[in-house]
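Architecture and fold: a report
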Amino acid sequence: MLRMLIAVLLMLLPVAAHAQAFDHAAWDGLLKRNVVAVRGGVASQVRYDGMARDRAALKTYLAGAGKVSRATFDGWSKPDQLAFLINVYNAATVELILTAYPKLTSIKDLGTLFQSPWAKPSVALFGNTVSLDDIEHGMIRRSGRYNDPRIHFAVNCASIGCPALGRSAFRGATLDAQLEAATRGFLGDHTRNRVAGNGVAVSSIFKWYRGDFEKGWRGATTLPAFFSLYANSLGLNAGAAAKAKAGQLNVTFLDYDWRLNKAG
């Protein structure tokens, strides 16, 4: 009888009985101090001089994230997990830039003939030293846990061609709204995604990760169908939106701007 009572009480406990999520306040403060919104908020620039002055705080944030165990991480809700991985990726990217700033014009300057900057093991996470590629491609994209193509508008590669680095840290409680705003903002930046003739000319992100946009998220199984979900942001008229939904919109890809996204 006692066991049955305990089982019933456990069933009545709120689903939100997840372990407390990681505190991203330090990263949030760094973003608010050192990220500048441009072009009406659809893009951003980073004050790397300010980040350099705040580097001790950045390192402390990353060190704290590096102490999170895999068991603790697994105890969080999926939105809290994903927010954590995105924030760590973005913070670690800024730290990578600071290892050579100001003597670089692009994150690509940090690579070698044999290893891209994203493949360098440089981030302490879950008891290992991992690369940015490990976080983005292994933990976020290929883990099977999240399956949300909007992450491509949240992880930031420190380049002008990238979607904006936001001025707020991602948080599990608001993650869906933040990802949606990031997606609409990027697609609404008509320097990087725009109507062109009888189709659209879009960022090369959509070429590199096309498969992620065709996995059926919100029913989209083609890249044009994904664009139909954001027809207003892209500026598609009713006819073009209908073609996109049917998977028939012509798509071309723009060159990517790898220059550093620095302010000033």
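Model, not experiment: these values are computed from the prediction.

Thresholds, definitions, all that
Residues numbered from 1 in each chain as written. Predicted model: local features only at pLDDT ≥ 70, side-chain atom pairs only at ≥ 80, totals over all residues. Heavy atoms only, no water. Helix = DSSP H or I, 4+ residues; strand = E, 2+ residues; numbered from the N terminus. Rg over C-alpha atoms; globule rule 2.2 N^0.38 Å. Buried < 20%, exposed > 50% of the residue type's maximum accessible area, 1.4 Å probe, protein only. Contact = heavy atoms within 4.5 Å. Areas by Shrake-Rupley, 256 points an atom, 1.4 Å probe, with all protein chains shown as cover. Lys, Arg positive; Asp, Glu negative; His and termini not counted. Charge placed at Lys NZ, Arg CZ, Asp CG, Glu CD. Disulfide = S-S within 2.5 Å. Pairing = 2+ DSSP bridges. Axes fitted to C-alpha atoms, helices over the stretch in contact; angles between N-to-C directions. Salt bridge = Lys/Arg side-chain N within 4 Å of Asp/Glu carboxyl O. Phe/Tyr/Trp six-rings, centres within 6.5 Å; stacked < 30°, edge-to-face > 60°. Lys NZ or Arg CZ within 6 Å of the ring centre and 35° of its normal.

This paragraph deals with the overall build of the chain. A count of helices and strands for the chain gives 13 helices and seven strands. Computed over the C-alpha atoms, the radius of gyration of the chain is 20 Å, within 12% of the 18 Å expected from 2.2 N^0.38 for a compact globule of 264 residues. With respect to the principal axes defined by its C-alpha atoms, the chain has extents near 70 × 50 × 35 Å. For the chain, the residues scored as buried account for 49% of the 264 residues in total. A separation threshold of at least 6 residues defines the contact pool for the chain, and within that pool the share at least 24 residues apart is 68%. A total of about 12900 Å² of accessible surface is found on the chain, and carbon and sulfur atoms cover 56% of it. Each charge class in the chain can be summarised by its mean position, and for the 31 positive and 19 negative side chains these summaries are 1 Å apart.

We now examine the state of the cysteines. If you walk through the whole model with that rule in mind, you get one disulfide. Between the sulfur of Cys157 and that of Cys162 lies a disulfide, 1.9 Å long from S to S. Between Cys157 and Cys162, the S-S torsion sits near -95°, and that sign places the bridge as left-handed. One exposure class covers both Cys157 and Cys162, and it is buried.

The next point concerns the sheet that holds strand β5 (residues 194-196). Taken together, the three strands give an open sheet; going across it, the order is β5-β6-β7, and neighbouring strands pair in mixed fashion. If you trace the sheet from one side to the other, it starts and ends with β5 and β7 (250-253), each paired once. Between one strand axis and the next, the sheet turns through 35° on average, direction left out of account. In this structure, strand β6 (residues 199-202) lies alongside β7, joined through four bridges in parallel fashion. Residue pairing in the sheet places Val200 in a bridge with Val251 of β7.

In this section: the pairing of strand β1 (residues 35-38). Pairing between β1 and strand β2 (residues 43-46): four bridges, direction antiparallel. In the sheet register, Val35 faces β2, and the bridge partner there is Val46. Counting the residues in the hairpin turn of β1 and β2 gives four residues, including Arg39, whose phi is positive at 50°.

Here we take up the pattern of salt bridges. Applying the stated criterion across every chain yields a total of 18 salt bridges. As a salt-bridge pair, Asp28 and Lys32 come within 2.9 Å of each other at their nearest N and O atoms. Here the residue Asp28 and the residue Lys32 both occupy positions in helix α2 (residues 25-34), the gap between them amounting to four residues, near one helical turn. Take Lys32: its relative accessible area is 40%, and that puts it in the partly exposed class. When the shortest N-O distance is used, the salt bridge between Asp189 and Arg192 registers 2.7 Å. It is possible to trace a salt-bridge network through shared partners that takes in Asp148, Arg150, Asp176, Glu180, Arg184 and Arg218.

Let's shift gears to the packing of aromatic side chains. Applying the stated criterion to the full structure yields 23 aromatic pairs. Considering the side-chain rings of Tyr48 and Tyr101, the 5.6 Å spacing of their centres and the 40° angle between planes classify their relative orientation as tilted. One end of the pair, Tyr48, is in helix α3 (residues 48-53); the other, Tyr101, is in the loop between α6 (78-98) and β3 (123-125), and 53 residues separate them in sequence. The burial state of Tyr48 is the same as that of Tyr101; both residues are buried. In this arrangement the basic side chain of Arg70 is found over the ring face of Phe126, its NZ or CZ atom lying 4.8 Å from the centre.

So, to be careful, I would describe these as geometric facts and stop short of saying anything about function.
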